[in-house]
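Report on the structure
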Amino acid sequence: MRIVSQTGETGSPITGIPVVNSGGQGGLLGLCIDPEFSANRMVYWVFSENISGGTVTTVAKGRLSSEETTIENSEVIYRANPAANSTAHYGGRILFDQTGNLLVSTGERSGIATRPLSQDVDAALGKIIRITTEGQPAPGNPQFSDADALPELYSIGHRNPQGLAIHPVTEELWQTEHGPRGGDELNLVKPGANYGWPTITYGIEYGGQTIGAGIQQQDGMEQPVYYWDPVVSPSGITFYKGNRIAEWENNLFIGSLSGQHIIRLIIVNDRIIGEERLLSGENQRFRDITQGTDAALYAITDQGRLYKIDID
Ligand SMILES: [Ca+2]
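Residues numbered from 1 in each chain as written. Predicted model: local features only at pLDDT ≥ 70, side-chain atom pairs only at ≥ 80, totals over all residues.

**Observations regarding the overall build of the protein**
Rules: The helix count covers DSSP runs of H or I at least four residues long, the strand count covers runs of E at least two residues long, and both are numbered beginning at the N terminus. Note that the radius of gyration is over C-alpha atoms, with the globule rule given as 2.2 Å times the number of residues to the power 0.38. In this scheme every C-beta is placed from the backbone, and a residue whose C-beta has 20 or more other C-beta atoms within 10 Å is buried, one with 12 or fewer is exposed, and one in between is partly exposed. Remark: residues whose backbone-derived C-beta atoms lie within 7 Å of one another are considered to be in contact.
Of regular secondary structure, the protein possesses one helix and 19 strands. On C-alpha atoms alone, the protein measures out to a radius of gyration of 19 Å, which is about the 20 Å that the 2.2 N^0.38 rule sets for 312 residues. Among the 312 residues that make up the protein, the fraction classed as buried is 39%. Nonlocal contacts in the protein, meaning residues at least 24 apart in sequence, comprise 52% of its contacts between residues at least 6 apart.

**Description of the sheet that holds strand β1 (residues 28-33)**
The following threshold applies: When DSSP finds two or more bridges between a pair of strands, those strands are recorded as paired. What counts as an axis is a line fitted to C-alpha atoms, over the stretch in contact for a helix, and the angles between N-to-C directions run from 0 to 180 degrees.
The antiparallel open sheet is built from four strands, whose spatial order is β1-β2-β3-β4. Looking at the sheet topology across the chains shown, the edges are occupied by β1 and β4 (71-84). When strand polarity is set aside, the average angle formed by the axes of neighbouring strands in this sheet is 20 degrees. Pairing of strand β3 (residues 54-64) with β4 involves eight bridges; the strand directions are antiparallel. Its bridge partner lying in β4, A60 is registered against V76.

**Regarding the sheet that holds strand β17 (residues 286-291)**
In space, the three strands of this open sheet follow the order β17-β18-β19, with antiparallel pairing throughout. The open sheet is flanked by β17 and β19 (306-309), the only strands paired with a single partner. Taking each pair of neighbouring strands and ignoring which way they run, the sheet shows an average axis angle of 20 degrees. Note that β17 and strand β18 (residues 297-301) share five bridges and pair antiparallel. Residue I289 lies in a different strand from β18, and its bridge partner there is A299.

**Things to note about the confidence of the model for the protein**
To keep things clear, this is the line we draw: A score from 0 to 100, pLDDT tells how confident the predictor is in each residue.
Mean pLDDT over the protein works out to 97, with 100% of the residues at or above the 70 mark. When the elements of the protein are averaged for pLDDT, β19 gives the smallest value, 96, and strand β6 (residues 102-106) the largest, 99.

**As for the nonpolar core**
Our working definition: The term nonpolar core means buried Ala, Val, Leu, Ile, Met, Phe, Trp, Tyr and Cys residues held together as one set by C-beta atoms within 7 Å.
Counting 56 residues, the largest nonpolar core has I94, V104, W174 and F253 as its most contacted members. Not counting the four nearest positions on each side in its chain, F253 is found in contact with I237, T238, Y240, I262, I263, R264, I289 and L297.

**Some thoughts on the environment of Q162**
Take Q162: it is sitting in strand β9 (residues 160-166). Along the backbone, Q162 and L29 are 133 residues apart, and their C-alpha atoms lie at a distance of 8.7 Å. Ignoring anything within four residues of it in the chain, the contact list for Q162 reads G91, G92, R93, S105, T176, E177, H178, S235 and G236.

**Description of unusual backbone geometry**
Following W197, the chain continues into P198 via a peptide bond in cis, with omega recorded as -5 degrees. Counting through the fold element by element, P198 comes out in the loop between β11 (184-189) and β12 (226-228). The phi angle at R109 is positive, at roughly 70 degrees, despite the residue not being glycine. With respect to the helices and strands, R109 occurs in the loop between β6 and β7 (127-131). Its 30 C-beta neighbours within 10 Å are what place R109 among the buried residues. Positive phi values are uncommon outside glycine, yet N283 reaches one of about 55 degrees. The topology assignment puts N283 in the loop between β16 (271-278) and β17. We classify N283 as exposed; it has 10 C-beta atoms within 10 Å.

**Brief notes about the environment of I156**
With respect to the element layout, I156 can be found in strand β8 (residues 153-156). In sequence terms I156 and M221 are 65 residues apart; their C-alpha atoms lie 9.7 Å from each other. Beyond its immediate chain neighbours, meaning those up to four positions away, I156 contacts S118, Q119, V121, G126, K127 and N194.

**Some points on the pairing of β16**
Successive residues of a regular strand alternate their side chains across the two faces of the sheet. Pairing of strand β15 (residues 261-268) with β16 involves seven bridges; the strand directions are antiparallel. Bridge pairing in β16 places L265 opposite E275. Between the antiparallel neighbours β15 and β16 lie two residues, among them N269 with a positive phi of about 50 degrees.

**Some remarks on the pairing of strand β14 (residues 252-256)**
Burial runs high along β14: five of the five residues are buried. Where strand β13 (residues 234-239) meets β14, four bridges bridge the pair, whose relative direction is antiparallel. Among the inter-strand pairings, P234 is bridged to a residue of β14, identified as S256. Two strands pair when backbone bridges link them, and β14 and β15 are joined in this way by five bridges, in the antiparallel orientation.

**A short note on the environment of F253**
Turning to its location among the elements, F253 is positioned in strand β14. Judged by local crowding, F253 falls into the buried class, with 25 C-beta atoms found within 10 Å. With 114 residues separating them along the chain, F253 and P139 place their C-alpha atoms 30 Å apart.

Here it is in structure tokens:
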């Protein structure tokens, strides 16, 4: 965890954070700052953690010291159980919603054994969860029919969701997830809805086999707004707020890993009417993208570059 200045100087690693299992797809996965950061200096992040029984997707918080060198009083506030013997499909994005609660995406951990837990409402894998800043189930969460349902669940049936963003006008939650071969998805997330994995998907196994019954639709399960075949490996996403670049206003920008570009989607009435691919000549795996307080877009890559994208 580091701070980069607006002129591109990279700070030293910030100390004081709990131990991370960075094997496989693990690491420090998502981060957001408190809406009241200027007053409370609180930071929230998601990481892959070793616990008894395997690894989990974990949410922690702490206060950034006034010298910006360490996280003070770092504390785990939530773990997406059960643990799995896997270092893949952690999900791991985090953001604040309009009510001051946290939305967090969790993956299904990739194994054939844990994959069906995306449909299981007493497991936190393959879900969007909504929690308070204390890690408790947030007030107003949807009710699932099963009496054993975890009260922190917001939506179910996800595979490996690594993009979360709230539309600046409609205030709806949008999400991207890594699908199987031919099945990367963009979803408009409604509370209490089921996004289908692994029962329905437009993809197949990377080895070529059919997944489950090989169906793409089922009653009670949501269709993606958009999907990619061939896949692009969509990671972090952000909406472009404001009109400094007028034609980009309210467009969705997506970091593409295997596609090695930034995707720009034009959305009208919750439908995609245009797709443009940016910076494809850079040959970078774009891991995340966000908009700064200066209105520029910032995109970070697996190769360790941070791009600033603006009009001049
Ligand atoms: Ca789906």
